[in-house]
Amino acid sequence: MLDIENLVYRYRRKGPPVLDGFSLRLESGGIYGLLGPNGAGKSTLLYLITGALTPLEGRVTLNGTDTRRRLPATLSDIYIVGEETLMPRMRLSEYVRHTAPFYPRFRREVMDKCLETFGMTADVRMNNLSMGQKKKIALSFALACDTPVLLMDEPTNGLDIPAKAAFRSLCAELMTDERIIIISTHQVRDLDQLLDHVLMMNDRRLVLDRTVAELQSKLSFARGVSREVAENSLAYIRTPGGYDVMNPATAGEEESELNLELLFNTTLSDPERINKLLNP
Amino acid sequence: MNAMPTTVNPAGAGQRFSLPRFRSLMARYLHEEGRILLLSLLLVFGVLLSVFIIAALETSYRHSRPDGIDGIWQDECFMETVFFTVYAAFCGAMMFSGMATREQRLGALTLPASTTEKFLVRFVIYVPCAIVAFLVCVWLADMVRYLFVITCIDHAEGSVRLLPIPYILTMGNVMELTSYTAHMNAVGIELARLTNAGYALTSWSMVLTAQAAYAMGSLIFPRKAIIKTSVSIFMLCMVLAGLWWASSEIFGLSDARAVSQDPTAAALTVRGVVTGVVVILLYCWSYFRLREEEVVERW
């Protein structure tokens, strides 16, 4: 279990806090989508979870151990894929040989499977690859490490369309009840079918923390409706095929597919309204 | 893909230091940085060799000296001192150069090894190993210079000699090279011995302090560490010199400076201890700075 308690963090001593009294508890067995506008503190939160940043107040604990202590045992339980992937000057097979021993649960067969799914091989020089290829390698290694906590910052940036689909299927397949996966992203459409928990950050705090099942049971979404219908709904956005709308779910209504983009826009503009709707 | 080695990071292993983890970290680091380390050593060897060969071409090998000294040794040792100090500064600056960008720092900080292991791996490579490697380069460059002189310069067989290892280790601060012992009494010999020891100590202090200061600088200034550290050291020296001058004037210490500068064994010991303490403190500071290092530059 990952506990984030009352985190306060600012980059400059007299600057505004990026996180102010931020608390969150993440249970194992969930794929969490961490959404928020630029500068909301998503990457900062991921760095604080890994212990690569020191909070001014509060702490992050993984199974009771403060991650900021950077103990090898804790670090081997957390893996982060950064937004930009930096590759060392060596072959992938050599990198695996030299780095995998630091992760006790690393599974080579998973690495091979991920590489195969992404259409890659281990016989490549890591620093000579394109951005997308580097991302595929980083994601394959991250998934193969099988760490209880896997953090990914914009994992689908730079991936082509088949690779995005491959990534979704690999994440779903490799998810276990002992694992927490946190995906920070702006590309909500790439991942809305994958997440089972939505976290939204804005203005230094968490404005939404709900499971997808809960959102689907309390909100109803429709796509491509007319302007008249849209204007009578709780929230809407115009799309090429008409209007996407969101409304409170009515009793007995069949669950609809979550529209994360619409939910995101509505929550950021009026978080109180959404939370009241979800907690009547 | 090759067979995967056994894990070095079981949950029960030492959280401060574990030898298998240290070994794995060292192997990983050497594999990643090995090519750059090797190239920089080749560059050092090439520069030393070029300078030694040029000096050999400028040296007259027609007459052998009666004291058995090769005329080039003094030049070689002077150049060794200069290059050694510069090389030590570069080595210090390279110690944490792999943590210059946010992505590099994230990779280094989140790798499952302790701060002690991460520090020690870099320390071992860039301090003792780098020093030994440089001294070996000097020895090899001198050997090539010797072979070059023997084969390419006529009548040089009687006067060309290999630079002895004690000369390399003391950077030329030896009696035979700097003093005319034949004309000295016992007191003079003792004084010359202490003077040479003092110069050797100064040379080694420059090398070790530069290495430690630039290592510290590479953590404080992740980018352009060499330039920024050099400027900082220069400014620090100016401030210290100013303070020294001001205190001399204010407290009337100018006369004290005129007191005999002849070295004593006790003074040399104190200087050695002070240098040692400063170097150790700089490395300790670097270690604690690494422990507090963050993925985002807050400077």
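J.: Could you clarify how one ought to interpret the sheet that holds strand E3 (residues 30–35) of chain A in this entry?
T.: Residues and elements named next belong to chain A. With respect to topology, six strands assemble into an open sheet ordered E6-E7-E8-E3-E9-E10, the strand pairing being mixed. The sheet is open, and its two edges are formed by strand E6 (78–81) and strand E10 (205–211), each paired on a single side. Sheet twist, expressed as the mean angle between neighbouring strand axes with direction ignored, is 15 degrees. Of the strand pairs in this sheet, E6 and strand E7 (residues 149–153) are connected by four bridges, and their pairing is parallel. Counterpart to Tyr 79 in the pairing with E7 is Leu 150. In the packing of helix H1 (residues 42–50) onto the sheet, contacts are made with E3, E6, E7, strand E8 (180–184) and strand E9 (197–202), and the angle to E7 comes to roughly 150 degrees.

J.: What am I meant to see in helix H4 (residues 115–152) of chain B here?
T.: Structural remark: α-helix, 3.6 residues per turn; residues separated by three or four positions point the same way. An ideal rise of 1.5 Å per residue puts 56 Å on 38 residues; H4 of chain B measures up with 53 Å between its terminal C-alpha atoms. The axis of H4 of chain B is deflected most strongly, by about 40 degrees, at Ala 130 of chain B.

J.: Before we go on, may I ask you to explain the nonpolar core in this structure?
T.: For soluble globular proteins, the rule of thumb is that nonpolar side chains tend to be buried together. All names here are of chain A. Counting residues in each nonpolar core, the largest one holds 162 residues, and the members touching the most others are Leu 92, Phe 141, Ile 182 and Leu 263. When residues of this core are sorted by domain, at least three fall in each of domain 1 (2–203) and domain 2 (218–278). Beyond its immediate sequence surroundings of up to four residues, Leu 263 is in contact with Met 200, Leu 208, Leu 215, Leu 219, Phe 221, Met 246, Leu 258 and Ile 274.

J.: Looking at this model, I keep getting lost on the packing of helix H4 (residues 108–117) of chain A against helix H5 (residues 131–145) of chain A. Mind explaining?
T.: A pair of packed helices can be characterised by two numbers: the angle between their axes and the separation between those axes. Residue and element names in this part refer to chain A. It is the contact of H4 with H5, at a shortest axis distance of 8 Å, that shows an interaxial angle of 150 degrees. Taken together, the axes of H4 and H5 are roughly antiparallel relative to one another. Every pair of crossing elements has a handedness; the one defined by H4 and H5 is right-handed. Together, Val 110, Met 111, Cys 114 and Leu 115 of H4 and Ile 137, Ser 140, Phe 141, Leu 143 and Ala 144 of H5 make up the contact between the two elements.

J.: Mind showing me how you'd approach the side chain of Glu 294 of chain B here?
T.: With respect to the helices and strands, the residue Glu 294 of chain B is situated in the segment after helix H10 (265–291). What makes Glu 294 of chain B buried here is its relative accessible area of 9%.

J.: How should the sheet that holds strand E5 (residues 65–66) of chain A be read in this particular structure?
T.: As a general point, the strands of a sheet are linked pairwise by backbone hydrogen bonds and lie either parallel or antiparallel. Residues and elements named next belong to chain A. One open sheet accounts for four strands, arranged E2-E1-E4-E5; its pairing is antiparallel. Two strands in the sheet have a free side with no partner beyond their single neighbour: strand E2 (19–26) and E5. Where strand E1 (residues 2–9) lies against strand E4 (residues 57–62), five bridges are found, and the strand directions are antiparallel. Within the sheet, the bridge partner assigned to Asp 3 lies in E4 and is Thr 61. Packed onto the sheet, H1 meets E1, E2 and E4 and runs at close to 120 degrees relative to E1.

J.: Got a minute to help me understand the domain arrangement of chain A in this structure?
T.: Interfaces are frequently sized by the accessible area removed from exposure as the parts join. Residues and elements named next belong to chain A. Domain parsing of chain A yields domain 1 (2–203) and domain 2 (218–278). Averaged C-alpha coordinates put domain 1 and domain 2 at centres separated by 30 Å. In this complex, domain 1 contributes 12 residues to the contact, which on the side of domain 2 involves eight residues. Between domain 1 and domain 2, roughly 920 Å² of surface is buried when both sides are summed, and carbon and sulfur atoms account for 70% of that area. In terms of surface lost to domain 2, no three residues of domain 1 exceed Arg 189, Asp 192 and Met 200, which account for 48% of the buried area on that side.

J.: What exactly am I supposed to notice about the pairing of E10 of chain A here?
T.: A regular strand places its side chains on the two faces of the sheet in alternate fashion. Residues and elements named next belong to chain A. Alignment of E9 against E10, held across six bridges, turns out to be antiparallel. Looking at E10, one finds that His 197 is bridged to Thr 211. Linkage of E9 to E10, two consecutive antiparallel strands, is achieved through a turn of two residues, within which Asp 203 is found at a positive phi near 55 degrees.

J.: Just checking my understanding: could you explain the interface of chain B and chain A for this structure?
T.: Of the residues lining the interface, 40 residues belong to chain B; the matching set on chain A comes to 43 residues. Counting the surface lost from both chain B and chain A, the interface buries some 3600 Å², and carbon and sulfur atoms represent 62% of this. Viewed at the interface, chain A and chain B are joined by two salt bridges. Measuring nitrogen to oxygen at the nearest pair gives 3.5 Å for the salt bridge that ties Glu 292 of chain B to Arg 68 of chain A. In this structure, the connection of chain B to chain A is made through 11 residue pairs in polar contact (both at pLDDT 80 or more). Only helix H1 (19–58), helix H3 (102–110) and H10 of chain B provide two or more residues apiece to the side of chain B that touches chain A. Among the elements that line the side of chain B that touches chain A, the one with the most residues is H1 of chain B, at 10 residues. Along the lines of polarity and charge, the residues of the side of chain B that touches chain A split into 17 nonpolar, 10 polar and 13 charged.

About the criteria used
Residues numbered from 1 in each chain as written. Chains lettered and ligands numbered in written order. Predicted model: local features only at pLDDT ≥ 70, side-chain atom pairs only at ≥ 80, totals over all residues. Heavy atoms only, no water. Pairing = 2+ DSSP bridges. Helix = DSSP H or I, 4+ residues; strand = E, 2+ residues; numbered from the N terminus. Axes fitted to C-alpha atoms, helices over the stretch in contact; angles between N-to-C directions. Contact = heavy atoms within 4.5 Å. Expected span 1.5 Å × (residues − 1). Bend = angle between axes of the 7 residues up to and from the residue. Core = buried A, V, L, I, M, F, W, Y, C linked by side-chain atoms within 4.5 Å. Buried < 20%, exposed > 50% of the residue type's maximum accessible area, 1.4 Å probe, protein only. Domains from an automatic or database assignment. Parallel < 35°, antiparallel > 145°, perpendicular 65-115°, else oblique. Left-handed = near helix turned anticlockwise from the far one by under 90°. Buried area = accessible area lost by both parts, 1.4 Å probe. Salt bridge = Lys/Arg side-chain N within 4 Å of Asp/Glu carboxyl O. Polar contact = N/O pair within 3.5 Å; in protein donor to acceptor, adjacent residues only side chain to side chain. Nonpolar A, V, L, I, M, F, W, Y, C, P; charged D, E, K, R; others polar.

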